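Observations on chain architecture
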Amino acid sequence: SVREAGGDKIVSLSKATHKALNRKALIEKRLLQALDQKNLKVLYQPQIDVKTGKISVVEALVRWEDEVMGVVSPDELIPIAEETGLINNIGSFMLERACEQALIWKKAGLHLKVAINSSVREFRDKNMAKSILDMLAKTGCPASLLQIEITEKFALEAEAATFITQQMRKLENEGIVFVLDDFGIGYGSFRYMQILPIDTLKIDQTFTRSILKSEKTQKLMHGMVQLGKSMELKVVAEGVETAEQADLLVTYGCDAIQGYYISKPVTPEEIEELLVK
Ligand code: C2E
Ligand code: MG
Ligand code: MG
Ligand code: MG
């Protein structure tokens with residue numbers, strides 16, 4: 001009967017919720033331990049500079065394979081870490097690794113900048129800028145080798161919170177570059193682009209994915225590149241998987257290309273192999 005079906009629904013819904021909550025609690029617990037033991041890994045995904053044809057920037061992406069749960073993807077991990085506050089720990093782990101790696105490459109005579117992804121929660125800490133500068137000093141990594149990728153969600157909150165904008169300016173003055181990641185899918189406001197020290201737009205990969213299939217997407221992406229250029233920003237296309245997509249984006253004037261067409265995220269050793277190719 002209808003009533004029975006309704007009853008079932010309530011039971012199965014609460015079971016699903018229960019399961020999700022259990023998984024979240026388990027992730028939180030295991031993540032805390034993984035951070036403690038520095039059991040997270042970092043892979044690096046290169047960007048190709050269109051003008052030189054060379055790898056100019058590599059993006060550090062967190063990887064976690066837990067003994068009990070197996071691989072937990074960033075798409076599952078990061079939102080839980082943001083909610084629980086463990087994103088601060090992930091952020092400082094990634095920052096330290098990125099700085100160390102950038103310095104190793106610099107000493108080897110390779111000119112590679114390293115980009116990390118930052119969540120706005122990390123910048124709610126009034127000491128964030130100082131922590132980053134301290135880490136640069138501790139590792140000996142020049143500020144000019146570090147890029148920080150933020151999202152539109154971050155930008156919106158930063159615009160409204162003066163102390164976040166100030167921290168960004170402080171870092172920019174030291175030579176750190178801010179990249180607006182996943183550009184175009186966030187929130188309908190460009191106001192932050194007047195205020196925040198943004199150097200680069202990275203157009204979201206959902207646009208790249210449909211560019212060959214949709215004339216509207218082509219016009220949209222061309223327009224986004226032009227917007228970036230007219231504001232004297234660098235423009236990067238992400239999620240580029242084919243030569244055809246790359247060609248089109250290069251004709252639009254993109255400064256750099258990132259995606260499986262160039263390389264998936266790989267180890268530092270594999271980055272070095274890509275450089276000699
Ligand atoms: P993102 O920063 O936009 O990074 C791009 C994501 O797309 C990465 O997934 C990358 O592996 C994937 N990708 C790159 N090229 C291609 C392509 O050509 N095709 C397809 N299908 N995918 C591609 P990943 O590593 O799973 O990371 C997902 C998201 O998680 C990142 O998106 C970023 O927002 C977040 N994230 C990853 N690591 C960190 C971190 O250390 N801190 C923070 N706060 N967020 C992170
Ligand atoms: Mg990114
Ligand atoms: Mg992105
Ligand atoms: Mg993304």
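Presented here is an overview of the structure given in this document. (Residues numbered from 1 in each chain as written. Chains lettered and ligands numbered in written order. Predicted model: local features only at pLDDT ≥ 70, side-chain atom pairs only at ≥ 80, totals over all residues. Heavy atoms only, no water.)

A short note on the overall build of the protein
Regarding its fold elements, the protein presents twelve helices and nine strands. Relative to the 2.2 N^0.38 estimate, which gives 19 Å for 277 residues, the radius of gyration of the protein is 20 Å and therefore close to what a compact globule would have. Taken along the three principal axes of its C-alpha coordinates, the protein extends 65 × 50 × 45 Å. The buried share of the protein, taken over its 277 residues, is 45%. Put simply, of all contacts in the protein between residues at least 6 apart along the chain, 68% involve residues at least 24 apart. As displayed, the protein offers around 14,800 Å² of accessible surface, 53% of which is attributable to carbon and sulfur atoms. A gap of 2 Å separates the mean positions of the 35 positive and 39 negative side-chain charges of the protein. (Helix = DSSP H or I, 4+ residues; strand = E, 2+ residues; numbered from the N terminus. Rg over C-alpha atoms; globule rule 2.2 N^0.38 Å. Buried < 20%, exposed > 50% of the residue type's maximum accessible area, 1.4 Å probe, protein only. Contact = heavy atoms within 4.5 Å. Areas by Shrake-Rupley, 256 points an atom, 1.4 Å probe, with all protein chains shown as cover. Lys, Arg positive; Asp, Glu negative; His and termini not counted. Charge placed at Lys NZ, Arg CZ, Asp CG, Glu CD.)

Concerning the coordination of the magnesium ion (ligand 2)
On the protein side, the magnesium ion (ligand 2) has Glu59 (OE), Asn117 (OD1), Glu149 (OE) and Asp181 (OD) as donor atoms, found 2.0 to 2.3 Å from it. Between the donor residues of the magnesium ion (ligand 2), the gaps in sequence give the motif E-x57-N-x31-E-x31-D. Between the magnesium ion (ligand 2) and the magnesium ion (ligand 3) the interatomic distance amounts to 4.2 Å, and Asp181 serves as a bridging ligand to the pair. Taken together, the residues Asn117 in strand S4 (residues 113–117) and Glu149 in strand S5 (residues 146–150) connect sequence positions 32 residues apart. Look at Asn117 and you get partly exposed, because its relative accessible area is 32%. (Donors = N, O, S within 2.8 Å, 3.2 Å for Na, K, Ca; no water.)

Overview of helix H7 (residues 162–174)
Since the α-helix packs 3.6 residues into each turn, any two residues three or four apart lie on the same face. Its 13 residues give H7 an end-to-end C-alpha distance of 19 Å, which sits within 8% of 18 Å, the value for a rise of 1.5 Å per residue. Taken as a whole, H7 has its buried residues at Ile164, Thr165, Gln167, Met168 and Leu171. Burial along H7 is one-sided: seen end-on, the buried residues are contained in an arc of 160 degrees. Within H7, the exposed residues directed more than 90 degrees away from the buried face are Thr162 and Asn173. Turning to H7, the residues buried within the fold contact helix H4 (120–123), helix H5 (128–139), S5, helix H6 (152–160), strand S6 (177–183) and helix H8 (192–195). Where H7 ends, the next residue or the one after it, Gly175, has phi of about 110 degrees, a positive value. (Expected span 1.5 Å × (residues − 1). Arc of directions from axis to C-beta.)

Points about the packing of helix H3 (residues 87–107) against H5
Remark: H3 packs on H5, axes separated minimally by 10 Å, with the N-to-C direction vectors making an angle of 35 degrees. The hand of the H3/H5 crossing is right-handed. Contacts between H3 and H5 involve Ser92, Leu95, Glu96, Cys99, Glu100 and Leu103 on the former and, on the latter, Ser131, Ile132, Met135, Leu136, Lys138 and Thr139. Among the residues forming the contact of H3 with H5, the class breakdown is six nonpolar, three polar and three charged. (Axes fitted to C-alpha atoms, helices over the stretch in contact; angles between N-to-C directions. Left-handed = near helix turned anticlockwise from the far one by under 90°. Nonpolar A, V, L, I, M, F, W, Y, C, P; charged D, E, K, R; others polar.)

As for the coordination of the magnesium ion (ligand 3)
Four donors placed tetrahedrally around a metal ideally meet at 109.5 degrees, and six donors placed octahedrally ideally meet at 90 or 180 degrees. The protein atoms that coordinate the magnesium ion (ligand 3) are Asp181 (OD), Asp182 (OD), Glu238 (OE) and Glu238 (OE), at distances spanning 2.0 to 2.4 Å. Along the chain, the residues donating to the magnesium ion (ligand 3) are arranged with the sequence spacing D-D-x55-E. Look at Glu238 and you get buried, because its relative accessible area is 7%.

Quick notes on the packing of aromatic side chains
Given two aromatic rings, their pairing is described by the distance between the two centres and the angle made by the two planes. Taken as a whole and assessed by the stated rule, the structure comprises four aromatic pairs. Here the aromatic rings of Phe123 and Phe154 are separated by 5.1 Å at their centres, their planes lie at 70 degrees, and the arrangement is edge-to-face. Of this pair, Phe123 sits in helix H4 while Phe154 is found in helix H6, placing the two residues 31 residues apart along the sequence. The buried category is assigned to Phe123, whose relative accessible area is 0%. (Phe/Tyr/Trp six-rings, centres within 6.5 Å; stacked < 30°, edge-to-face > 60°.)

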